[in-house]
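Survey of secondary and tertiary structure
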Amino acid sequence: MSSGLTTANALGLNGGGRIAAQRARFLDDAVATASPTRLVTMLYDRLLLDLTRGADAQSVGDRAAANTHLLHAQEIVLELAGSLRPELWEGGPALAALYTFLHSELVRANVSGDPARTAAVRTLVEPLAEAWRAAALEVSAAAASVDRVG
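Since we're looking at a predicted model, the values are computed, not measured. (Residues numbered from 1 in each chain as written. Predicted model: local features only at pLDDT ≥ 70, side-chain atom pairs only at ≥ 80, totals over all residues. Heavy atoms only, no water.)

Quick notes on the overall build of the protein
On a plain count of helices and strands, the protein comes out with 6 helices and 0 strands. Listed by position from the N terminus, the elements making up the protein come as α-α-α-α-α-α. Within the protein, the proportion of its 150 residues that are buried is 35%. (Helix = DSSP H or I, 4+ residues; strand = E, 2+ residues; numbered from the N terminus. Buried < 20%, exposed > 50% of the residue type's maximum accessible area, 1.4 Å probe, protein only.)

Printed below as a string of structure tokens:
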């Protein structure tokens, strides 16, 4: 991961206590052995969770909880943007621009407390998450095919 955001923090492990520490160690081990594609899918999964929790908290007027989830979602978007190499593929610049837009919308949604705006961001993120899951499956299938041949 490219920014100062640790993987454990990006995936939401910031609790205290023994169980939280064990969970953080387990996740750190899982992250350390995950492929780059799997790491991206993990970040997207957590981003969707933060967006859902943030919108739910906004809907009931819990600004503190909404802020926590939406700030975390912003960190994930910045991490995804920071790890992107737009010059390596044709769609890279458009995805970089989309990450910039998503971050701006998350800031606006958080400041305004607008659950509809948060839900709209989630609607944009869902197909991206699905595309990364599909890509991860293709990469995994291709690797398995090579393993069988080799």
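Next comes the rest of the account.
A word on the packing of helix α3 (residues 36-59) against helix α4 (residues 63-83)
Closest axis-to-axis distance for the α3/α4 pair is 8 Å, and the angle between their directions is 155 degrees. On the basis of the axis angle, α3 is roughly antiparallel to α4. At the point where α3 passes α4, the crossing takes the left-handed sense. Mapping the contact onto sequence places V40, L43, Y44, R46, L47, D50, L51, R53, G54, A57 and Q58 in α3 and A65, A66, H69, L70, H72, A73, I76, V77, E79 and L80 in α4. A per-class count over the contact of α3 with α4 returns 13 nonpolar, 4 polar and 4 charged. (Axes fitted to C-alpha atoms, helices over the stretch in contact; angles between N-to-C directions. Parallel < 35°, antiparallel > 145°, perpendicular 65-115°, else oblique. Left-handed = near helix turned anticlockwise from the far one by under 90°. Contact = heavy atoms within 4.5 Å. Nonpolar A, V, L, I, M, F, W, Y, C, P; charged D, E, K, R; others polar.)

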